[in-house]
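Below are the chains, spelled out letter by letter.
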Amino acid sequence: MLNADPAELDKFGELAHRWWDPNSEFKPLHEINPLRLDWIDQNIGLAGKRILDVGCGGGLLSEGMAARGAEVTGIDLSEKPLGVAKLHLLETGQKVDYRKIAVEQLAEEMPGAFDAVTCLEMLEHVPNPSSIVSACSRLVKPGGQVFFSTLNRNPKSYLFAVIGAEYILNMLPKGTHDYAKFIKPSELSRWAKLAGLEPEELIGMSYNPLTQQYSLGRDSSVNYLLRTIRNV
């Protein structure tokens, strides 16, 4: 059984052709991508590093890391977004190795093969997120870093990420998120530790509807990012 929800794969597959349109349903991803890239780059120095991007979708983060000099492999289980990602490489000339494969399967093939692993905005869309965390740990070298981002589970995150973003501000298509699949930082940290990853940094990502800008900071009550290091 693949650790994937067919409805989720279909949902993102139907929108795949709009992935690189900064004014489409993926506008929030385009707006937060520079913040994510800078945060990752500051912590590991992307140039020359071998990076795995889990749940790469249409390749926004993967290409961004490649543009900064990383050797990037992007994996996903949705065919259409991967096709869009590969086509976009023809426009930009970047090099990314895109593969349709489950992260658990890749962990069997290539244990300890990567300097760092990214798994951003993906855990809240799968049936068994702890299995993803474990596979990411097996794929990174001892001492390497794994970066996660997801949505906290509390009344505020429901109000902002579901009601606000999907129904009031229309920033995301209705039904993008299932609140029941949101993950508390304590839960993600516990899964990380069980997988041999030591949580090193927890930061929040906030959106200001007045300035229409995102920023990183201490408030992890809605969107948050967790940086971990694999135990040696």
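Rules of the game
- Every chain is numbered on its own, with residues counted from 1 as its sequence reads.
- pLDDT decides what is reported in this predicted model: residues at 70 or higher carry local features, side-chain atom pairs at 80 or more are listed and counted, and totals for whole chains, interfaces and linings draw on all residues regardless.
- Hydrogen atoms and water are omitted, and side-chain values are computed over all heavy atoms in the structure.
- Note on pairing: two strands pair once DSSP finds at least 2 bridges between them.
- In this description a helix means any DSSP run of H or I spanning at least four residues, a strand means any run of E spanning at least two, and both kinds are numbered starting from the N terminus.
- An axis is simply a line fitted to the C-alpha atoms; with a helix, the fit covers only the stretch in contact. Between two such axes, the angle follows the N-to-C directions and lies from 0 to 180 degrees.
- The buried label applies to any residue whose accessible area, calculated with a 1.4 Å probe on protein chains only, is under 20% of its type's maximum; exposed applies above 50%, and partly exposed to all values in between.
- Note on definitions: a residue-residue contact is assigned when non-hydrogen atoms from the two residues lie within 4.5 Å.

Engineer: What is the right way to look at the sheet that holds strand β4 (residues 114-120) in this model?
Structural biologist: Strand pairing within a sheet occurs via backbone hydrogen bonds; the two strands may be parallel or antiparallel. If you walk across this open sheet you meet the 8 strands as β3-β2-β1-β4-β5-β8-β6-β7, and the pairing is mixed. Bordering the open sheet on either side are β3 (96-100) and β7 (213-217), each of which pairs with just one other strand. Adjacent strand axes in the sheet meet at a mean angle of 20°, parallel and antiparallel pairs treated alike. In this structure, strand β6 (residues 197-208) lies alongside β7, joined through 5 bridges in antiparallel fashion. The residue bridging methionine 205 from the neighbouring strand is leucine 216, located in β7.

Engineer: I would appreciate a short explanation of helix α8 (residues 185-194) in the present structure.
Structural biologist: Residues of α8 that are buried include every one of Pro185, Glu187, Leu188, Ser189, Trp191 and Ala192, and no others. Along its buried surface, α8 packs onto α6 (129-139), β5 (140-151), β6 and β8 (223-230). Of the residues trailing α8, glycine 196 is marked for its positive phi of about 90°.

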